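The chain contents come next:
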Amino acid sequence: MTIADEINRLKKEKNAVILAHYYVNPEVQDIADYIGDSFYLSKVAVELTEQTIVFCGVSFMGESAKVLNPGKTVLMPDASADCAMAHMADTETIKKMREQYEDLAVVCYINSTAELKEHSDVCVTSANAVKIVRAMPNKNIFFIPDRNLAHFVAEQVPEKNFVYNEGYCPVHEKMSVAEIRKAKKMHPEAEVLSHPECPKAVLELSDYIGSTTGIIDYAGKSGSREFIICTENGVRHKLENDYPEKEFYFTETEPVCEDMKIITLEKILHVLKTGENEVRVSDERRENSRKPLERMLELAK
Ligand code: 13P
Ligand code: SF4
């Protein structure tokens, strides 16, 4: 019996379902029942019938799944898989901003801890941030933690007054403009598709900016045959599987989120067997952080 067979057998026996983000390793994507970007996975999480969710992603994803499904068991294949950006804001600054600005909405990128969500008015993902910020009744927006996504959204919603926070994704922040230019020189016909976590200088070179699902969908619909992909290299698996007639290039220094890559089939099997690495969120934190998440799901409809 292969490890994949064993996972599938245990999944049935334990009434479990596997969710995975596009940034995890190909073999983990292949074993998942649902694979997608952060928005898709949070929508899926509230519709599942299985009792146990194995979340192949970083800790804020498992935490959000638990907050939205308090009665379910959420297991993380590796409890140390974390998103550095999720910690790049603090509740003291949120409190200060609330005192300083009237009519302020704290808009929290889903890539954040449950503690930060607890102090926020609404959550967003890269797939729905523009729509949700536009729909907020408030004039002033304190956008946490990601400054790059905040600037990208602010440009498209000029009627709002943005207050920025200095967080960033270390993987997308490192994307090199020089390397993109070099790739463009080698593949002049290629369209540049970027994630809004990239710095402004990268977004300015891009033909399309969107979430990981947005990038994958755009590549499918576009008439172009070649693409330079400016996001984590895990998306290559889906792109190459779905569009074998097209070519996908990455920058020479391939963007890799090490936290996503530490998830393996062996670790999935282990937590299914043992029930280890269960996500726990206190009742109070769960109640408070559920509100901005549910508001996101409502406003994004
Ligand atoms: P999306 O899933 O919204 O594309 O965001 C990418 C990301 O960094 C997830 O951690
Ligand atoms: Fe966090 Fe960046 Fe990794 Fe996404 S790619 S999980 S934002 S560190």
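That block above? That's the structure.
Everything in this summary refers to the structure shown in the same document. (Residues numbered from 1 in each chain as written. Chains lettered and ligands numbered in written order. Predicted model: local features only at pLDDT ≥ 70, side-chain atom pairs only at ≥ 80, totals over all residues. Heavy atoms only, no water.)

### Quick look at the side chain of Thr125
Spelled out, the test is: Put simply, DSSP H or I for four residues or longer makes a helix, DSSP E for two residues or longer makes a strand, and each gets a number counted from the N terminus. Two N or O atoms count as a polar contact when they lie within 3.5 Å, although within protein this holds only if one can serve as hydrogen donor and the other as acceptor, and sequence-adjacent residues are included solely when both atoms are side-chain atoms. Whether two residues are in contact is decided by their heavy atoms: any pair within 4.5 Å suffices.
Here Thr125 is to be found in the loop between strand S6 (122-124) and helix H7 (129-135). A polar contact of 3.1 Å, which involves the side chain of Thr125, links it to the backbone nitrogen of Ala127. Excluding its chain neighbours within four sequence positions, the residues that come into contact with Thr125 are Ser38, Phe39, Tyr109, Ile110 and Met296.

### Examining the sheet that holds strand S10 (residues 208-209)
Rule in force here: One bridge is not enough; two strands pair if DSSP finds at least two bridges between them. To get an axis, a line is fitted to the C-alpha atoms, and for a helix only the part in contact is used. The angle between two axes follows their N-to-C directions and goes from 0 to 180 degrees.
One open sheet holds the four strands; their spatial order is S10-S9-S11-S12, and the pairing between them is parallel. Sheet topology places S10 and strand S12 (247-249) at the edges, where each strand pairs with a single neighbour. Direction of pairing for strand S9 (residues 191-194) relative to strand S11 (residues 226-230): parallel, over a ladder of four bridges. If you follow Ser194 over to S11, its bridge partner there is Cys230. Docked against the sheet, helix H12 (residues 212-221) engages S9, S10, S11 and S12, running at close to 160 degrees with respect to S9.

### Here's the deal with helix H3 (residues 38-45)
Let me state the cut-off plainly: A simple rule labels every residue: compare its accessible area, found with a 1.4 Å probe on the protein chains alone, to the largest value its type can have, and call it buried under 20%, exposed over 50%, or partly exposed in between.
In terms of burial, H3 is largely enclosed, as six of its eight residues are buried. Where H3 is concerned, the buried positions are Ser38, Phe39, Leu41, Ser42, Val44 and Ala45. Packed against the buried residues of H3 are strand S1 (16-21), strand S2 (34-36), strand S3 (52-56), helix H4 (59-68) and helix H16 (283-299).

### Topic: the packing of helix H1 (residues 3-13) against helix H15 (residues 265-274)
Keep this limit in mind: To sort the angles, those under 35 degrees are grouped as roughly parallel, those over 145 as roughly antiparallel, those from 65 to 115 as roughly perpendicular, and the leftovers as oblique. Here a crossing is called left-handed whenever its near helix is offset anticlockwise from the far helix by less than a right angle, and right-handed whenever the offset is clockwise.
For the pair H1 and H15, the least separation of the axes is 10 Å and the interaxial angle reads 30 degrees. The angle between H1 and H15 places the two elements in the roughly parallel class. Once H1 is placed against H15, the crossing between them reads as left-handed. On the side of H1, the interface is formed by Ile3, Glu6, Ile7, Leu10 and Lys11, while H15 contributes Leu265, Glu266, Ile268, Leu269, Leu272 and Lys273.

### Let's talk about the pattern of salt bridges
Spelled out, the test is: One speaks of a salt bridge when a side-chain nitrogen belonging to Lys or Arg is within 4 Å of a carboxyl oxygen belonging to Asp or Glu.
A full pass over the atoms with the stated rule returns 21 salt bridges. Here Glu92 ties to Lys95 by a salt bridge, and the two come within 3.7 Å at their closest N and O atoms. Taken together, the positions of Glu92 and Lys95, both in helix H5 (residues 91-100) and three residues apart, correspond to about one turn of that helix. By relative accessible area, which is 49% here, Glu92 ends up partly exposed. The partly exposed category is assigned to Lys95, whose relative accessible area is 44%. Of the charged contacts in the structure, one is a salt bridge between Arg147 and Glu166, with a shortest N-O distance of 2.7 Å.

### Quick look at the pairing of S9
Remark: a regular strand shows side chains that alternate across the two faces of the sheet. Alternating residues of S9 divide into Glu191 and Leu193 and Val192 and Ser194, and every residue in both groups is buried. Here S9 runs beside S10; their pairing, made up of two bridges, is parallel. Within S10, the position partnered with Leu193 by the bridge is Tyr208.

### Focus on the sheet that holds strand S4 (residues 73-75)
Spatially, the four strands line up as an open sheet ordered S2-S1-S3-S4, and their pairing is parallel. Looking at strand neighbours, the two that pair on one side only are S2 and S4, the edges of this open sheet. Each adjacent strand pair in this sheet contributes to an overall mean axis angle of 20 degrees, direction not counted. The pairing of S3 with S4 spans three bridges and is parallel. Its bridge partner lying in S4, Thr52 is registered against Thr73. Sitting on the sheet, H3 is in contact with S1, S2 and S3, with an inclination near 145 degrees to S2.

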